[in-house]
Amino acid sequence: MDVLRRDDETYMRMALKEAEMAFSKEEVPVGAVVVCDGKVVARAHNQVEQLKDATAHAEVLAITQASSALHDWRLTGATMYVTKEPCAMCAGALVNCRLGKLVFGVADPRSGAAGGALNITQFEGNLHEVSVTSGVLQEECLQIIQEFFRKQRSKAKD
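Residues numbered from 1 in each chain as written. Predicted model: local features only at pLDDT ≥ 70, side-chain atom pairs only at ≥ 80, totals over all residues. Heavy atoms only, no water.

Engineer: Sorry if this is basic, but what is going on with the nonpolar core here?
Structural biologist: A general trend in soluble globular proteins is that nonpolar side chains are found buried together. By size, the foremost hydrophobic cluster in this structure holds 42 residues, and its most contacted members are Met12, Val34, Met80, Leu99 and Leu102. Elements with a minimum of two residues in this core: helix H1 (3-24), strand S1 (31-36), strand S2 (39-45), helix H3 (58-70), strand S3 (78-84), helix H4 (88-96), strand S4 (101-106) and helix H5 (138-157). With six residues, H1 is the largest single contributor of residues to this core. (Core = buried A, V, L, I, M, F, W, Y, C linked by side-chain atoms within 4.5 Å. Buried < 20%, exposed > 50% of the residue type's maximum accessible area, 1.4 Å probe, protein only. Helix = DSSP H or I, 4+ residues; strand = E, 2+ residues; numbered from the N terminus.)

Below you can see the structure in the form of structure tokens.
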């Protein structure tokens, strides 16, 4: 296994830990980690229910943390690792903060906006395009999402 792939898996495992925290709080289990120059500068998970805020997605919260840590809204040298393909809102935020690279685990063909349902991250009309790698620890990322929604459906039946 090459070094880049190993690094991607290491950071994605950190994002999965964030997703597990979201799961434990009954949030959709998505986790994100931002890395710059080999250092983790942000970690976040979905907090929509907890904060009663539709914008409190892991990616948006991680962008805010990373921008604060780096003292710049431009994240051109950073890579975000996120367990699920970002939605349109999050993909737009990734473009707007000039993220250098996005690495995600599981694709979302229904509402993903980094190549799934649409591709905001690499839309030619944007002032910035985000480099994208998908499928890192895909099975693990899919498993936690599926388990969460199985649990939610089971609760709804009761």
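Engineer: Is there a simple way to think about the pairing of S2 in this case?
Structural biologist: Successive side chains on a regular strand alternate, one facing one side of the sheet and the next facing the other. As paired strands, S1 and S2 are joined by six bridges and run antiparallel to one another. Residue pairing for S2: Val35 is matched across the bridge by Val40. Between S1 and S2, which pair antiparallel and follow one another directly, the connecting turn spans two residues, one of which, Asp37, has a positive phi of 55°. (Pairing = 2+ DSSP bridges.)

Engineer: Hey, could you run me through the sheet that holds S2 in this one?
Structural biologist: Picture the strands of a sheet paired through backbone hydrogen bonds; they go either parallel or antiparallel. Read from one edge to the other, the open sheet built from five strands follows the order S2-S1-S3-S4-S5, with strand pairing classed as mixed. Pairing within the sheet leaves two strands with one partner each, and these edge strands are S2 and strand S5 (131-134). Along the sheet, successive strands turn relative to each other by an average axial angle of 15°, direction set aside. (Axes fitted to C-alpha atoms, helices over the stretch in contact; angles between N-to-C directions.)

Engineer: What exactly am I supposed to notice about unusual backbone geometry here?
Structural biologist: Backbone phi values are negative for most residues with the exception of glycine, while trans is the configuration of most peptide bonds. For Glu26, which is not glycine, the phi dihedral falls at a positive 60°. Turning to its location among the elements, Glu26 is positioned in the loop between H1 and S1. Residue Arg98 is not a glycine yet carries a positive backbone phi of 65°. Note on placement: Arg98 falls in the loop between H4 and S4.

Engineer: What am I meant to see in the pattern of salt bridges here?
Structural biologist: Once the charged atoms of two side chains with opposite charge are near each other, the side chains can pair. A complete count under the given rule lists three salt bridges for this structure. The salt bridge involving Arg74 is made with Asp72; its shortest N-O contact spans 3.2 Å. Between Asp108 and Lys84 there is a salt bridge; the shortest N-O distance is 3.1 Å. One end of the pair, Asp108, is in the loop between S4 and S5; the other, Lys84, is in strand S3, with 24 residues separating them in the sequence. Under the relative-accessibility criterion, Asp108 is labelled buried at 13%. (Salt bridge = Lys/Arg side-chain N within 4 Å of Asp/Glu carboxyl O.)

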